[in-house]
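Structure at a glance
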Amino acid sequence: MKETRTLICIPDISGFTEFMSEADFELSSKVIPSLLNNIIYSNEIGLKISEIEGDAVLFYRQGRLPSLQSVLDQCHYFYTEFYRKLHELREQYLKNENANSIPAILGLKIILHYGTQIAPVKVGSRIKLLGEDLIVAHRLLKNNVPFDEYILLSDDFISTYSEEELEKTLSRTSFLKKVESYDHVGEVAYYYMQLVPPQA
């Protein structure tokens, strides 16, 4: 199993558990797959799918990273397309009494991590990722970010870019830095930025 430099991107639907428990099954069984498909088809930077995890898509890309601006643009595109689909689904299922809860409860957070301790392996007909950096990416979903919707960039992801590119790109955004401590992983530094829903 050869370790390969790999970008991990996890768009994760927030409010998933609440929506599944509050909305009737007929509605939730249509809405969640539609949103996951929307995320998949909004991919414009050549990300590959490793897994669809119920309320999230595990994307990966091996080798050289796209520019930081391209990655952030992709995150924002995931987000705006996600909300476009949310409002489209609300209108589509307006006769369902739970339809208004679609954009009220559901949202999106996006985790980005980059590492070398990860490798793709074939299991059946699917490619699965294994390695410590995949564990780190999933740990980062459990954090103390004070928002429901955000972009989170691990320090390992950020550190792959030059100081010049970081200054040029991040100076136009409002990322904050934080450190979390995780069992069996230790301290992991990351940067996060709140995402604000677009006007309907």
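Residues numbered from 1 in each chain as written. Predicted model: local features only at pLDDT ≥ 70, side-chain atom pairs only at ≥ 80, totals over all residues. Heavy atoms only, no water.

Overview of the side chain of Ser28
Note that Ser28 resides in helix α2 (residues 25-41). For Ser28, a relative accessible area of 2% gives the class buried. (Helix = DSSP H or I, 4+ residues; strand = E, 2+ residues; numbered from the N terminus. Buried < 20%, exposed > 50% of the residue type's maximum accessible area, 1.4 Å probe, protein only.)

Considerations on helix α5 (residues 132-139)
Every buried residue of α5 is listed here: Asp133, Leu134, Val136 and Ala137. All buried residues of α5 project into a common sector of 155° when viewed along the axis, lining one side. Tucked inside the fold, the buried residues of α5 contact β1 (6-14), β3 (57-62), β4 (107-115), β6 (126-130), α6 (155-158) and β9 (186-194). (Arc of directions from axis to C-beta. Contact = heavy atoms within 4.5 Å.)

Points about helix α7 (residues 163-170)
Along α7, the residues classified as buried are Glu165, Leu166, Thr169 and Leu170. Axial view of α7: buried residues confined to an arc of 100°, hence all on one face. Turned more than 90 degrees from where α7 packs its buried face, Glu163, Glu164, Glu167 and Lys168 sit exposed.

Regarding the pairing of strand β8 (residues 176-182)
Bridge count between β8 and β9: 7 bridges; the pairing is antiparallel. Paired with Lys177 across the strands is Tyr191, a residue of β9. Between β8 and β9, which pair antiparallel in sequence order, lie 3 residues; one of them, His184, sits at a positive phi of approximately 70°. (Pairing = 2+ DSSP bridges.)

With respect to the sheet that holds β8
The mixed open sheet is built from 7 strands, whose spatial order is β2-β3-β1-β4-β7-β9-β8. The open sheet terminates on both sides in strands that have one partner only, identified here as β2 (48-52) and β8. In this sheet, adjacent strand axes meet at a mean angle of 25° when their direction is disregarded. Across the sheet, α2 is in contact with β1, β2, β3 and β4; its angle to β3 comes to roughly 15°. Sheet strands in contact with helix α3 (residues 68-92) are β1, β3, β4, β7 (150-154) and β9, and its direction is about 155° off that of β4. (Axes fitted to C-alpha atoms, helices over the stretch in contact; angles between N-to-C directions.)

Quick look at unusual backbone geometry
For His184, which is not a glycine, the phi torsion comes out positive at approximately 70°. Secondary-structure assignment places His184 in the loop between β8 and β9.

Side note on the packing of α2 against α3
Relative to each other, α2 and α3 sit at 150°, their axes nearing to 9 Å. What the angle tells us is that α2 and α3 run roughly antiparallel. For α2 against α3, the interelement crossing comes out right-handed. Facing Val31, Ser34, Leu35, Asn38 and Ile39 of α2, the residues of α3 in contact are Phe78, Glu81, Phe82, Arg84, Lys85, Leu86 and Leu89. Partitioned by chemical class, the residues of the contact of α2 with α3 number 7 nonpolar, 2 polar and 3 charged. (Parallel < 35°, antiparallel > 145°, perpendicular 65-115°, else oblique. Left-handed = near helix turned anticlockwise from the far one by under 90°. Nonpolar A, V, L, I, M, F, W, Y, C, P; charged D, E, K, R; others polar.)

Re the packing of aromatic side chains
Going through the model one piece at a time under the given rule, you end up with 6 aromatic pairs. Their ring planes at 55° and their centres at 6.2 Å tell us that Tyr190 and Tyr192 sit as a pair that is tilted. The buried category is assigned to Tyr190, whose relative accessible area is 0%. One aromatic cluster is present, formed by Tyr79, Phe82 and Tyr83 through successive ring pairs. (Phe/Tyr/Trp six-rings, centres within 6.5 Å; stacked < 30°, edge-to-face > 60°.)

Some points on the environment of Leu195
Relative to the helices and strands, Leu195 is located in the segment after β9. The spacing of Leu195 and Gln92 is 103 residues in sequence and 25 Å in space, taken between C-alpha atoms. Excluding anything up to four places from it in sequence, Leu195 contacts His76, Tyr79, Leu108, Glu149, Tyr150 and Ile151.

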